[in-house]
Structures are given as C-alpha cells and as structure tokens.
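# Close look at the chain arrangement
If you want the building blocks of each chain, they are given just below.
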Protein chains: 2
Amino acid sequence: MKRRKFLSISTLIGVSSYLSPSFLLSNPIKRSKLKLGFIGTGLRGQGMMRLATYRNDVDIPVICDIDDGMISKALKVLKNAGRPIPKVYKNGNEDFRNMLYNEDLDGVFIATPWEWHHPMSVAAMKAGKHVGTEVPAALTVADCWDLVNTSEKTGKFCMIMENVCYRRDVLAVLNMVRSGLFGELLHCQGGYQHDLRGVKFNNGLQPYGRGVEFGDKGYSESKWRTNHSVNRNGDLYPTHGLGPVSTMLNINHGNRMVYLTSTATQSRGLHNYIVQHGGPNHPNTSIDFKLGDIVTTVIKCANGQTIMLSHDTNSPRPYSLNFRIQGTKGLWMKDSNSIYIEGISPNDHRWESDEKYLEKYDHPLWKRFENEAKGSGHGGMDYFVFRAFIESMKRDIDPPLDVYDAASWSVISPLSEKSIRKNSTSIKIPDFTRGKWKISEPKFAINDIY
Amino acid sequence: MKRRKFLSISTLIGVSSYLSPSFLLSNPIKRSKLKLGFIGTGLRGQGMMRLATYRNDVDIPVICDIDDGMISKALKVLKNAGRPIPKVYKNGNEDFRNMLYNEDLDGVFIATPWEWHHPMSVAAMKAGKHVGTEVPAALTVADCWDLVNTSEKTGKFCMIMENVCYRRDVLAVLNMVRSGLFGELLHCQGGYQHDLRGVKFNNGLQPYGRGVEFGDKGYSESKWRTNHSVNRNGDLYPTHGLGPVSTMLNINHGNRMVYLTSTATQSRGLHNYIVQHGGPNHPNTSIDFKLGDIVTTVIKCANGQTIMLSHDTNSPRPYSLNFRIQGTKGLWMKDSNSIYIEGISPNDHRWESDEKYLEKYDHPLWKRFENEAKGSGHGGMDYFVFRAFIESMKRDIDPPLDVYDAASWSVISPLSEKSIRKNSTSIKIPDFTRGKWKISEPKFAINDIY
C-alpha cells in the first residue's frame, strides 16, 4: 500500500472507516499464488475464467463441465491467454466430486445451473476448498442452512459472487449511505427487471436466438433456466437487487431481514412469446408456466427498514435493477438518475441529477482499479467481485460477501414461493448468523482491498 | 352534443366505447338547476365552492362549519362571485344533522376532517341527499359497509371525489389502457409520496408555516390530520394512487381487489422535524408517532394483476404519485416521464419520452373542457371531478366514482393497519359489490360527459 493511496482514501468525505493499512497489517497475504478450479464452463464460466487469466496470482489447473462444446470454448480461452492446458473432468453430472476429491486446489469457482450451486458448494467445502458460487447459492431453506453449517464446520468460506454489489454507481451510493448523506435509511428498492424472453427461449443453436425452444432442445441458459419458470412462482432471482441494498442496510452486520411477503401477477409473457415467435400450434404453447410475470416482494428489517424487490423477466421492458435508496434526509432513484437531499439539493422538493454525487462519492475501489476493471465483464463489476474472491483466499479470511449473505439472500426465493402459495402471507426469514448479526461489523467494501 | 364533438370522440384510436350520444339519450337531464350544500368550508371546501360558483346550474343555499374564520372566508368566496348569502349552520359538531334534516337540497359536498366523512355521508343519504365526499370516505371496515348499505337502501349516491382520476396524464394513460396499447395489464403502481411535514405542523396561524404545532394549537389540516400520524400505522391516504389505477384495472367492473399486505418502516421524520424546527426541548418531541415513514402495500386482484402502493409523507422528498402502469406489451412510468411499447417504441428495450403519447391519447373530456378546467384547482382535475358530481345529480344517475369505489378504496387504510399490526400478514379485501363486479360495466370517463 502506497502512501498516496492511503491519503486518497482517508480524505474521502465522512468515510473514516476506510482503513486499508490496518486491514493489511492484520490480514497479511498467506499464499501469493492460488490454484483455482472451475466447475461450469458455460458462457458465465468462460467470462470469469478470462478474468482469472489476467491475474498472475491465479493458476487454473483443472476445469469441470459435461458439455463438450462449452469445454472446448473454455480451453480456447485458456489457450488464447497462453495458459497451460488444464485437466478436464467431464464424466457425467457427478464427476465434479472426483475433481474435488482428487485435486489440490485452494478454491473453486462455480458457474453451473442454479440447482447445482448448493451441492457443489457443499462438496467443495467438505473437500477443503474455498468456494465462490454464482447466484443464487441455494434454492431451498434447508440447502441454505446446509451451506452455513458446512462452512462453519469445515472452516472453508462460501462467497456469493454477487457482482452488482460492485457496480460503480452502487458502490458510490453505498459510500453516500456510509457518509450519512441520506440520514438514517428507511426504505430501499431493488429488483431484477430484465426481459429474459430471448434468454429463456432460443433455437437450440445460439444463446439469444429467436426460437422458442428450451430444456433439451435449447441452448445455454435456456437448457435449464426456463424450467424454473415452468415449475416455480416466486422471486427466482433476488440477489442482484437485494445484494446491494443489503450492504447499505448492514444486513447480517447490525441488522437483519425478519419477514417478507410476495405477490405475483398472472403469467402471460412466456406463453405469448411462444405464440408470437413459434406460432399458435407450436407444442410449447401448451406449457403452463407457473411463474407470474411480475413478483413483488416486501421485506421488513430488524432495524425497521423495508425493502421492496421486483422480479420482472417475462415482459417487454427496458432493463432496470429498480434501485431506490431512501433515508430521513433524502433519496436516490436510479430509474431517473436523480437524487434529492434536503438542505443540499439546490431546490426544495426538486430532483437533481445524480451525476456529480456519483463522481464525488466514487468508491476507493473504483478509484484504485478503474483501469483494471475496464473491459472486464458487466461494466467492470465482474473484476471486483472476482478480485474479492481471490484476495480473500490469498489472505485465508472470510470474503466480504460470505456464507451468511449467500444464505440470507438466496433464501428469499423459496420463502417468496411459499408466501405466494399462501396468498401472500407473511413468512419469517431465518437468522442464519444465529444472533451474530448483532455484533458483526460491516466488512463489504470498507477499504480499497476487496 | 354537437356533431363535431361526436366525430372527435368516435375517431379516437381504438376507443370504440366513447359513445356519449347514446349515453345522453338514455340519461337525460332531469334537473337543470341544483341546490348544493357544503359541509366543511376549510381550504378545500372553499376551493371547491369557488368551482361551484363558476357553474350556473348550481345554487349554494346553505353551508355548514364550526370554524368562524373559515366560514367568513367561504362567505367571501360567495360574495366575490356575486352569489347570495347562504344560510349558515355552525352550532357545534352535530349541527350538520339539522342542516340535512331541515334543508331541501339535491346534494351535499363534504370536505371535513377524515373522521367526519362517513357519519356525514350516511346522514346525508338518509336525509335524501346525494353525496360527494372528499377522500377517504371512511376509516373502518364497518363504516365502509355502512356507506354501501345506506346508499343501496336510500337510493342516494355517495361519490368519492378522487380528483387524481381526472389528471390529464392519468386520463390519457387510461385511454391508452383501453386502446390496448399496453396489452393486458399486469402490474400497477401508485401512491402518495408527498412531504407533508409542513402540513402536519405549523405555527397555529397559517397553514404552511414553519412551526411544530398541531391539534388544538395547530391551524387548518394540522388541527386534525396530524393526529392520524400519532395514532395509526398504515397507508392513511391510498386513494390518490389507487383511484386512477382502479379505473385502469376495471376494479368493481369486471375485476376486484382480493387481498393485500402492508409493511411499514420505522417512524423518524415527524419527530426529527419537531427537533429540527422546534428544538430538542419542545414538548412535542416526546410524542410517539405510530405512523411508519414509508408504508408499502401490495394488492392482488381477481384477474391476476398486482397493485403496489406507497405512502410516504414524513420525509424530505420531491412530490410524486409513483405511477407505473405495466402490461404484456409495455409500460408507462411517471417518475421518468417515459414509456416503452414493444414494436412501437423506436428502440428495443429503450425508454422514450411519454410526451407524444400523452398528446395523442388525450382524453375526450380534456379535449372538450380544456379551457374550462384551466385555472381550476390542482392543475384542472378538480374541475372534472366536480363536474362529474354535478352531472350525475342532474341526471339522477350513479356517479362514475360510486359508493363501491368509495368503500373499496377507503377500506385499504384500515386493512393496511391490520396487516402491519400482524407483521404484514395477508388480509382479505371485502367485496362491497356483493358479486355485482362480475357483471358491472366500466362507467368512469367512458365519454366526454363525466
């Protein structure tokens, strides 16, 4: 850590907690070079693998998948980066267990279909590997507990790789929250408003085609993701909205989510899409999709705040993660790129552009790694979430987004399904920290390290 | 009805139901001059009274209030308009009953504190008067039923004077909905996001002063409105957001609201305001306000749709009724003045300005009465809601916003309070139409009459 950096951090307005030097002293690097395995080498796995090849502290001795086409694309990523050819585990759905048992690895990155995140994470921790898993980390309440129990028992961490927590505007707003700009937080909104019809369906040959096939006849995500829309009605994908607001609300670090309700609309969009693009006689028109087109979830927090999440993936609409962060002194609303802070905004009760606030409160991580992040996936945020995963392993410390985050964010899906099944009744949210939230200090993005 | 008007309506894109000629034939004017009494002559009553004086089909023979200051202001309104001096009932809280019993009136307009709307409306209908009541129409489930039962028994109507239903953009969007622009509706949002701290508190001398007094020491609304924030936790004021979306979702006319959940944040804003403007030792700092600063309510409809309402009156923020109207083909969002319609908007997944849509779908009522509405209260919408009230009485027909709307919109408050008391449990919403919603045709703003 150079002195220049230290100054730039400690002079951040009102952010006295960005103390990376003390962090560095108490969390020294224990391993300067890591061995990382990849389970799942589809499009997401390939993207993160490419990021890994940019780092000289990460070796990739082994990969695992069951799809020859995706494996050969992944091998090409490594070859193009001048990396050695890894060992490949590809012998069926359970071969990942052999990889975990046989190979000497510091950790694994998991980017497989949702239903595999939990069993692979648990198996990896039991085999002595740290875990970075794509979202969501698990699909049932029991599996969320299983992640927590396994991590506590094995001493291996399970990081939820929620990249949106590192989005530049999101981190700047977190910075504003910690600076007290909004006062005491009252209400946050987030969600996943993303027209996925072209992801849930394709022609079996390309990921974002115009076809209406899925499952065995689909390609890439449509092979597995779409079936969740057939069989489940709930907020299937809460973490992109919930992760960021959780860091702002100190969830699991002085606050926690206590109960929720979910309410779903009728299901129309996926059926309509099949009729529109496949014709009224296509066999998929007979499918009864359980997923309501828009699912609204409201969460109550122990410290009083509410969180409203929207899940909206079956309809034509512009992309939005629906962020709104509101406190006793003002609020930020992403959809209009606007902010209002009492006593600071020039006109009473009038929005102003958020632009200069985002610049002023730019997070130390982004200031430091702006150049490195450029060109990495999803506007740069993939760089940071991957970096945090690696830095945590190198120091052998809990990651900034840990197993309690993984469990408490992922559990929203099954609880939301349950609430909808019971006419939106209120459902209690488990305390996966078993009370430790009361004394735990925030650790996400508290410095420019991770 | 002139031929020119008829053509302009029937050529409205896709709106084949704007058939005012047949409406006029089957609903002839039965009384060309009305006698209207005013109960409540505070600021709101005075504003609506001024509108009444613009109409030569309305006489105001009698008014009722208990506040001499407000009465004299109201008399000045009438005097300035060249109207005769009315009889004044002012002999205590219950003197309105004498007025209703003694006077020969076609109807009464009620603009009193919330808790008086129900007893005054019921007494008026029992005395043979039609009713136009300010929002909300009642505060308890039983009182909502009482309104319905009394109206059905007496044959007198009880119109809920929800002016926002007539806001120009709202009526244009209703026009879009009926034209099928959004496809089948899925989800609507509305609410009341209005920093009322300067309304709930004042210095006892002027309505929007900087003081921190209320109740007996307050002036105008703070005299009574603020106590609802002391004693109740729920969506206290749902109708500005709910009324408009109800008309779009055909609530009580082919659709109905089935259940809801409500969740409230902690209560901070009112206390903070007192400390800020009255000092930490002001006696009002010891008041424990029950009302959570932000209350989020989610309603499920019989036809599948969801409605999200926000109630947010204690915090610094720009005014917004939070409208969003979303269907299978696209959506409108007020906060960004934007719209997206698949296949029509020029760029896939990109918002465009709503401006030209609002112009193209301008409602026949606004086209016809634009000049008359200008300068009337609240951007013109007061003109229309008052006009509808008067036209309904002249024809002796049910108003476009009737007692079933009054009951089903107003009941959201007590049900929301109940849900919050029970940790956001789901609460059933009564069917005040007793099944008639299944066969009732929409009647709000279906022509350019009312």
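Residues numbered from 1 in each chain as written. Chains lettered and ligands numbered in written order. Predicted model: local features only at pLDDT ≥ 70, side-chain atom pairs only at ≥ 80, totals over all residues. Heavy atoms only, no water.

## Section: the relation of the copies chain B and chain A
- By a simple turn and slide, chain B fits onto chain A: the slide is 0.0 Å along the axis, the RMSD is 0.0 Å, and the turn is 180°. The symmetry that links the two subunits is that of a two-fold axis.
- A share of 100% of interface residues in chain B that are also interface residues in chain A marks the association as one of identical surfaces. (Least-squares fit on C-alpha atoms with pLDDT ≥ 70 in both. Contact = heavy atoms within 4.5 Å.)

## Overview of the packing of helix α3 (residues 43-53) of chain A against helix α4 (residues 68-80) of chain A
Residues and elements named next belong to chain A.
- Interhelical geometry of α3 versus α4 gives an angle of 15° and a closest axis separation of 9 Å. Taken together, the axis directions place α3 and α4 in an arrangement best described as roughly parallel. Like other packed secondary-structure pairs, α3 and α4 cross with a definite hand, here right-handed. Of α4, the residues touching α3 (which contributes L43, Q46, M49, R50 and T53) are M70, K73, A74, V77 and L78. (Axes fitted to C-alpha atoms, helices over the stretch in contact; angles between N-to-C directions. Helix = DSSP H or I, 4+ residues; strand = E, 2+ residues; numbered from the N terminus. Parallel < 35°, antiparallel > 145°, perpendicular 65-115°, else oblique. Left-handed = near helix turned anticlockwise from the far one by under 90°.)

## A few points about helix α7 (residues 141-154) of chain A
Residue and element names in this part refer to chain A.
- The end-to-end C-alpha distance of α7, which contains 14 residues, comes to 20 Å, matching closely the 20 Å that a straight helix rising 1.5 Å per residue would cover.
- Along α7, the residues that are buried comprise C144, L147, V148, T150 and S151. Looking straight down α7, one finds that the buried residues subtend no more than 165° of arc, so they occupy a single side. Counted as exposed and oriented over 90 degrees from the buried face of α7: A142 and K153.
- Looking one or two residues past α7, G155 carries a phi angle of roughly 75°, positive in sign. (Expected span 1.5 Å × (residues − 1). Buried < 20%, exposed > 50% of the residue type's maximum accessible area, 1.4 Å probe, protein only. Arc of directions from axis to C-beta.)

## Describing the environment of W224 of chain A
Residues and elements named next belong to chain A.
- Looking at where W224 falls in the secondary structure, it is placed in the loop between α9 (197-200) and α10 (225-231).
- Between the alpha carbons of W224 and P113 there is a distance of 6.5 Å; along the sequence they are 111 residues apart.
- Sequence-distant contacts of W224, defined by excluding residues within four places in its chain, comprise P113, W114 and E115.

## Re the interface of chain B and chain A
- Contacts between the two partners involve 53 residues from chain B and, on the opposite side, 54 residues from chain A.
- Both sides together, the interface formed by chain B and chain A hides about 4,100 Å², and carbon and sulfur atoms give 54% of it.
- The interface formed by chain B and chain A holds six salt bridges in total.
- Here chain B and chain A share 21 residue pairs in polar contact (both at pLDDT 80 or more) between them.
- Looking at the side of chain B that touches chain A, the elements with two or more residues in it are β7 (185-193), β8 (257-264), α12 (269-278), β9 (294-301), β10 (306-312), β11 (324-327) and β12 (330-333) of chain B.
- With five residues, the top contributor of residues to the side of chain B that touches chain A is β7 of chain B.
- The residue inventory of the side of chain B that touches chain A, partitioned by class, reads 14 nonpolar, 26 polar and 13 charged. (Buried area = accessible area lost by both parts, 1.4 Å probe. Salt bridge = Lys/Arg side-chain N within 4 Å of Asp/Glu carboxyl O. Polar contact = N/O pair within 3.5 Å; in protein donor to acceptor, adjacent residues only side chain to side chain. Nonpolar A, V, L, I, M, F, W, Y, C, P; charged D, E, K, R; others polar.)

## Let's talk about a positive patch on the surface
- On the surface, K290, K418, R421 and K422 of chain A cluster together into a patch of positive charge.
- Structurally, K290 of chain A can be placed in the loop between α12 (269-278) and β9 (294-301). (Patch = residues over 30% accessible without salt bridge, like charges linked within 9 Å, V, L, I, M, F, W, Y side chains within 5 Å. Areas by Shrake-Rupley, 256 points an atom, 1.4 Å probe, with all protein chains shown as cover. Lys, Arg positive; Asp, Glu negative; His and termini not counted. Charge placed at Lys NZ, Arg CZ, Asp CG, Glu CD.)

## Side note on the pattern of salt bridges
- Inspection of every chain in the model, using the stated rule, returns 62 salt bridges over all chains.
- Where R387 of chain A meets E391 of chain A, a salt bridge forms, and the shortest distance between an N and an O atom there is 3.6 Å. Of the two residues, R387 of chain A and E391 of chain A are both situated in helix α15 (residues 381-395); the distance of four residues between them amounts to about one turn of the helix. Of the two residues examined, R387 of chain A and E391 of chain A, each falls in the buried class.
- The partner of K35 of chain B in a salt bridge is D104 of chain B, and the shortest N-O contact between them spans 2.8 Å. Note that K35 of chain B is positioned in strand β1 (residues 34-39) and D104 of chain B in the loop between α5 (95-102) and β4 (107-110), a separation of 69 residues in sequence.
- Looking at K35 of chain B, the relative accessible area reads 28%, which means it is partly exposed.
- Look at D104 of chain B and you get exposed, because its relative accessible area is 53%.
- Salt bridges sharing partners connect three or more residues here, namely R55, D57, R387, E391, K394 and R395 of chain A.

## A short note on the side chain of N163 of chain B
All names here are of chain B.
- By the element assignment, N163 lies in the loop between β6 (158-160) and α8 (168-178).
- By relative accessible area, which is 4% here, N163 ends up buried.
- Not counting residues up to four positions away in its chain, the partners in contact with N163 are R44, H240, H378, M381, D382 and V385.

## Remarks on the sheet that holds strand β6 (residues 158-160) of chain A
Residue and element names in this part refer to chain A.
- What the six strands build is an open sheet, ordered β3-β2-β1-β4-β5-β6; its pairing is parallel. With one partner strand each, in any of the chains shown, β3 (87-89) and β6 form the two edges of the open sheet. Neighbour-to-neighbour, the strand axes of the sheet open up by a mean angle of 25°, direction not taken into account.
- Lying over the sheet, α3 contacts β1 (34-39), β2 (58-64) and β4 (107-110), oriented at roughly 155° with respect to β2.
- Against the sheet, α4 contacts β2 and β3, and its axis sits at roughly 165° relative to β2. (Pairing = 2+ DSSP bridges.)

## Observations concerning the pairing of β4 of chain A
All names here are of chain A.
- Of the two faces of β4, the one carrying G107 and F109 and the one carrying V108 and I110 are both buried.
- Looking at chain direction, β1 and β4 are connected through four bridges and run parallel. From the neighbouring strand, L36 faces β4, where its bridge partner is G107.
- Inspection of the sheet shows β4 paired to strand β5 (residues 130-133) by four bridges, in the parallel sense. By the bridge assignment, V108 is partnered in β5 with V131.

## Observations regarding the domain arrangement of chain A
Residues and elements named next belong to chain A.
- What the domain assignment lists for chain A is domain 1 (3-164) and domain 2 (165-363 + 404-438).
- For domain 1 and domain 2, the distance between their C-alpha centres works out to 24 Å.
- Contacts between the two partners involve 28 residues from domain 1 and, on the opposite side, 40 residues from domain 2.
- With both chains or domains summed, domain 1 and domain 2 bury close to 2,900 Å², and 66% of this area falls on carbon and sulfur atoms.
- Interface area lost by domain 1 to domain 2 is led by W114, E162 and V164, which between them contribute 24%.
- Applying the counting rule to domain 1 against domain 2 returns two salt bridges.
- Between R434 and E152 there is a salt bridge whose closest N-O contact spans 2.8 Å.
- Seen at the junction of domain 1 and domain 2, the total is 13 residue pairs in polar contact (both at pLDDT 80 or more).
- Only α4, α6 (114-126), α7 and β6 provide two or more residues apiece to the side of domain 1 that touches domain 2.
- Ranked by the residues each element gives to the side of domain 1 that touches domain 2, the list is headed by α7, at six residues.
- Of the residues assigned to the side of domain 1 that touches domain 2, the class counts are 20 nonpolar, four polar and four charged. (Domains from an automatic or database assignment.)

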